[in-house]
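Observations on chain architecture
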Amino acid sequence: MEIVIVGSGGREYSIGLALQKECRIDGIYFYPGNGATSKLGKNIDFANYQEFVDFALTQRIGLVIIGPEAPLVEGLADMLRENGILVFGPSAKAARLEGSKAYMKEFAKTYGIPTARFIQTQDYVESCKFIESLNLPIVVKADGLCAGKGVIIAQSYEEAKNAAKEMLEGKSFGDSGKTIVIEEFLDGFELSVFAMCDGKDFIVLPAAQDHKRLLDYDKGPNTGGMGAYAPAPLATPEILKEVESTIIIPTLEGMEKEGNPFSGTLFCGIMVVKNKPYLLEFNVRFGDPECEVLMPLFKEGLLDCFLACARGDLNKVRFELESKFCVGVVVASKDYPYKSSEKEKITIEDLEDNVQSHISFAGVSKKEEDLLASGGRVLVCVGKGENVQDALQKAYKRVESVKFKGMQYRKDIAYQALKK
Ligand code: AMP
Ligand code: GLY
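Residue numbering note: each chain is counted from 1, following its sequence as written. Working convention: letters from A go to chains and numbers from 1 go to ligands, in the order in which they are written. Reporting of local features is limited, given that this is a predicted model, to residues whose pLDDT is at least 70; pairs of side-chain atoms are given and counted only at 80 or more, and all residues count toward the totals for whole chains, interfaces and linings. Side-chain metrics in this entry use all non-hydrogen atoms of the structure; hydrogen atoms and water are not considered.

So, the overall build of the chain
Of regular secondary structure, the chain possesses 14 helices and 27 strands. Computation of the radius of gyration draws on C-alpha atoms alone. For the globule rule, the value is 2.2 Å times the number of residues to the power 0.38. The globule rule puts the C-alpha radius of gyration for 420 residues at 22 Å, and the 21 Å found for the chain is close to it. Along the three orthogonal principal directions, the C-alpha set of the chain runs to about 60 × 45 × 45 Å. In this scheme, a residue with accessible area under 20% of its type's maximum is buried, one over 50% is exposed, and one in between is partly exposed, where area comes from a 1.4 Å probe on protein chains only. Counting only residues that meet the buried cut, the chain has 57% of its 420 residues in that class. Taking as baseline every contact in the chain between residues at least 6 positions apart, the subset at least 24 positions apart corresponds to 67%. In the chain, which carries 51 positive and 60 negative side-chain charges, the distance between the mean positions of the two groups comes to 2 Å. The secondary structure listing takes helices from DSSP runs of H or I that are at least 4 residues long and strands from runs of E that are at least 2 residues long, numbered from the N terminus. The contact criterion used is simple: two residues touch if any of their non-hydrogen atoms lie within 4.5 Å. His residues and chain termini do not enter the charge count, which takes Lys and Arg as positive and Asp and Glu as negative. A charged residue contributes its charge at one atom only: NZ of Lys, CZ of Arg, CG of Asp or CD of Glu.

This is the structure we're talking about:
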């Protein structure tokens with residue numbers, strides 16, 4: 001079978017790397033891929049989605065896995081399904097769980113899913129009234145997709161009102177901010193919980209923790225994520241059970257009731273407050289870099305899980321996870337996340353220990369035989385070990401083997417798991 005992975009980041013590279021081991025796969029295409037995915041398979045590109053669908057039909061592609069949110073929200077999964085192509089990823093209507101925060105919050109309210117108290121509005125006066133009723137800090141969110149930047153945690157009433165005003169006037173996030181969500185601040189620890197779903201059934205993967213801020217000790221601006229690890233020991237079996245019963249199950253039931261059954265990855269951004277999980281956000285895809293630390297934990301059955309989600313027969317699937325830990329350290333370019341950086345040549349020293357650590361490549365391009373860091377998050381060094389500490393050492397050893405001008409990374413990934 002030939003498959004296509006849609007996307008160009010470290011997430012898509014890590015899926016390709018994990019699936020490469022499956023003997024049933026004869027070839028992997030990456031649409032559009034990056035400068036390193038061309039080593040795992042073949043990069044392809046098209047002028048529009050219709051051309052891609054035509055390619056998938058002609059080539060008799062056995063499965064398409066859609067990595068990022070944008071093609072999902074734009075309806076790529078629907079186009080493929082309408083043409084009888086198996087696809088892992090939700091329909092555009094189901095992808096609204098990520099594409100519209102107002103929709104997601106109203107959905108949570110309707111189905112009794114625990115989440116921060118909120119209003120969604122397009123009106124400044126109503127915003128101010130609600131802001132004044134809350135304690136500080138106050139969370140103001142743009143409704144639509146903003147590449148992870150549409151959330152303001154305001155430390156004063158004035159800041160919250162200004163954030164609301166700028167969003168509503170379209171100044172900060174364009175049309176994405178014309179509807180806003182204002183909500184109370186939840187104080188606890190965050191977890192990323194991933195459920196692979198087929199519309200009805202689901203499997204929950206080990207919980208991960210992301211590191212959103214640029215700098216050590218959670219300082220600096222928010223980023224797409226500077227590192228992750230899994231399983232997170234903070235996610236006790238009790239908390240995970242509660243995430244299933246109060247968040248995942250009501251969501252799948254609710255989506256089915258609304259006529260938009262959810263298949264693909266339901267990524268639950270959770271805040272645990274006094275041992276109780278609250279839903280902060282949904283994403284409808286794997287997290288990046290969380291995916292890079294989850295894929296290597298599959299011992300067997302990853303392809304079957306993707307296929308079963310796409311076909312709707314997850315209840316029959318067999319898979320096995322390793323009882324190990326993975327830590328991923330993101331190595332980013334010099335000016336990330338502020339602006340793009342100049343391309344720099346990457347050199348990587350060979351390490352003997354290939355099995356226990358590896359690199360997932362993201363923002364890289366090729367120039368003849370050279371691999372160039374082409375900006376943003378360039379690559380993720382992943383270590384696998386018997387415990388978090390062991391995996392961490394292997395990940396950082398891999399980081400030391402990488403050199404390019406201006407590279408930056410956090411030195412404290414997984415600190416939450418090592419706190420006594
Ligand atoms: P979101 O994109 O909605 O997950 O928000 C991005 C980040 O903002 C989250 O990962 C949290 O760190 C933070 N955040 C969002 N909503 C809240 C909230 N209600 N209380 C505390 N922190 C929040
Ligand atoms: N790492 C968080 C995300 O992918 O949204």
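Section: the site of ligand 1
Each residue is tested against the molecule or strand, and it is near if at least one of its non-hydrogen atoms lies within 4 Å. Neighbouring ligand 1 are 15 residues, the closest being Lys141, Glu183, Leu186, Glu190 and Glu281. Definition of a polar contact: a pair of N or O atoms within 3.5 Å, with one able to donate and the other able to accept a hydrogen when the atoms are protein atoms, and with sequence-neighbouring residues admitted only if both atoms are side-chain atoms. Between ligand 1 and the protein, one listed contact pairs an oxygen atom with a side-chain N or O atom of Glu281 at 2.9 Å. A 1.4 Å probe and the Shrake-Rupley method give the accessible areas. Residues count as covered only by the protein chains that appear here. Across the complex, the protein chains shield 90% of the 470 Å² of accessible surface that ligand 1 would expose by itself. Split by residue class, the shell around ligand 1 holds eight nonpolar, no polar and seven charged. Residue classes follow a fixed rule: Ala, Val, Leu, Ile, Met, Phe, Trp, Tyr, Cys and Pro count as nonpolar, while Asp, Glu, Lys and Arg count as charged, and any other residue, Gly among them, counts as polar.

Comments concerning the pattern of salt bridges
When a carboxyl oxygen of Asp or Glu lies within 4 Å of a side-chain nitrogen of Lys or Arg, that pair is called a salt bridge. Under the definition given, this model contains 28 salt bridges. A salt bridge links Arg117 to Glu184; the nearest nitrogen and oxygen atoms lie 3.9 Å apart. With Arg117 in the loop between α7 (101-110) and β6 (118-121) and Glu184 in strand β9 (residues 180-184), the pair connects residues that are 67 residues apart, well separated along the chain. Here Arg410 and Asp218 are joined by a salt bridge, their closest N and O atoms 3.0 Å apart.

Here we look at the site of ligand 2
Around ligand 2 sit Asp210, Gly224, Phe267, Arg285, Gly287, Asp288, Pro289 and Glu290, and those are all the residues in its vicinity. Between a nitrogen atom of ligand 2 and a main-chain N or O atom of Gly224, the distance comes to 3.0 Å. One of the side-chain nitrogen or oxygen atoms of Arg285 is found 3.0 Å away from an oxygen atom of ligand 2. Contact with the protein chains covers 87% of the free accessible surface of ligand 2, which is 200 Å². Looking at the shell around ligand 2 residue by residue, the classes come out as two nonpolar, two polar and four charged.

Focus on unusual backbone geometry
The amide bond that connects Asp288 to the next residue, Pro289, takes the cis arrangement and shows omega of 25 degrees. For the bond from Tyr336 to Pro337, the omega torsion is 0 degrees, close enough to zero to count as cis. Tracing the chain through its elements places Pro337 in the loop between β20 (325-332) and β21 (344-345).

Quick word on the packing of aromatic side chains
What counts as a ring pair is set by centres within 6.5 Å for rings of Phe, Tyr and Trp (its six-membered ring), and what kind of pair is set by the plane angle: stacked under 30 degrees, edge-to-face over 60, tilted for all other angles. With the rule as written, the count across this model stands at 14 aromatic pairs. Where Tyr31 meets Phe52, the ring centres are 4.6 Å apart and the plane angle is 40 degrees; that geometry is what we call tilted. Of this pair, Tyr31 sits in strand β2 (residues 27-32) while Phe52 sits in helix α3 (residues 49-58); the two residues are 21 residues apart in sequence, bridging distant segments of the chain. For the pair formed by Tyr31 and Phe52, the shared burial category is buried. Ring-pair connections join several aromatic residues into one group, and the members of that group are Tyr29, Tyr31, Phe46, Phe52 and Phe55. For Arg96, the ring lying beneath its charged end belongs to Tyr103, and the centroid distance is 4.3 Å. Cation over ring: Lys411 sits above Tyr409, and NZ or CZ is 4.4 Å from the ring centre. Two conditions define a charge located above a ring, namely a distance within 6 Å from the ring centre to NZ of Lys or CZ of Arg, and an angle within 35 degrees of the ring normal.

A short note on the packing of helix α8 (residues 124-133) against helix α9 (residues 157-168)
Lines fitted to C-alpha atoms define the axes, with helix axes restricted to the stretch in contact, and inter-axis angles between N-to-C directions lie between 0 and 180 degrees. Between α8 and α9, whose axes approach to 10 Å, the crossing angle comes to 155 degrees. Of the possible angle classes, the one that applies to α8 and α9 is roughly antiparallel. In this structure, α8 meets α9 at a crossing whose hand is right-handed. Counted together, Tyr124, Ser127, Cys128, Ile131 and Glu132 of α8 and Tyr157, Ala160, Lys161, Ala164, Lys165 and Leu168 of α9 form the full contact between these two elements. Here the angle decides the label: under 35 degrees means roughly parallel, over 145 means roughly antiparallel, 65 to 115 means roughly perpendicular, and every other value means oblique. Note: crossing handedness is left-handed where the near helix turns anticlockwise from the far helix by less than a right angle, and right-handed where it turns clockwise.

With respect to the sheet that holds strand β15 (residues 227-230)
Across a sheet, paired strands are connected by hydrogen bonds in the backbone, their directions being either parallel or antiparallel. For two strands to pair, DSSP has to find at least two bridges joining them. Overall, antiparallel pairing links the five strands, which are arranged β12-β15-β20-β26-β23 in an open sheet. Every other strand in the sheet has two partners, leaving β12 (209-210) and β23 (357-361) as the edge strands with one partner each. Where β20 meets strand β26 (residues 377-385), eight bridges bridge the pair, whose relative direction is antiparallel. Considered in β26, the bridge of Phe325 is made with Gly385. Of the strands in this sheet, β15, β20, β23 and β26 are in contact with helix α13 (residues 388-400), which crosses β26 at around 140 degrees.

Things to note about the side chain of Lys141
Relative to the helices and strands, Lys141 resides in strand β7 (residues 138-142). A relative accessible area of 7% places Lys141 in the buried class. Among the polar contacts listed, one links the side chain of Lys141 to the side chain of Glu183, at a separation of 3.0 Å. Beyond its immediate chain neighbours, meaning those up to four positions away, Lys141 contacts Lys101, Gly150, Val151, Met167, Thr179, Ile180, Val181, Glu183 and Leu280.

Some words on α9
Given 3.6 residues per turn, any residue in an α-helix points the same way as the ones three and four places further on. Relative to the 16 Å expected for 12 residues at 1.5 Å per residue, α9 spans 16 Å between its end C-alpha atoms, a close match to the ideal helical length. For α9, the full list of buried residues reads Ala160, Ala163, Ala164, Met167 and Leu168. Buried residues of α9, seen end-on, are gathered within an arc of 125 degrees and therefore sit on one face of the element. Where α9 is buried, its residues touch β6, α8, β7, β8 (151-154) and β9. Of the residues flanking the end of α9, it is Gly170, one or two places downstream, whose phi is positive at about 80 degrees. Expected span of a helix: the number of residues minus one, times 1.5 Å. To be clear, the arc concerns the directions from the helix axis to the C-beta atoms.

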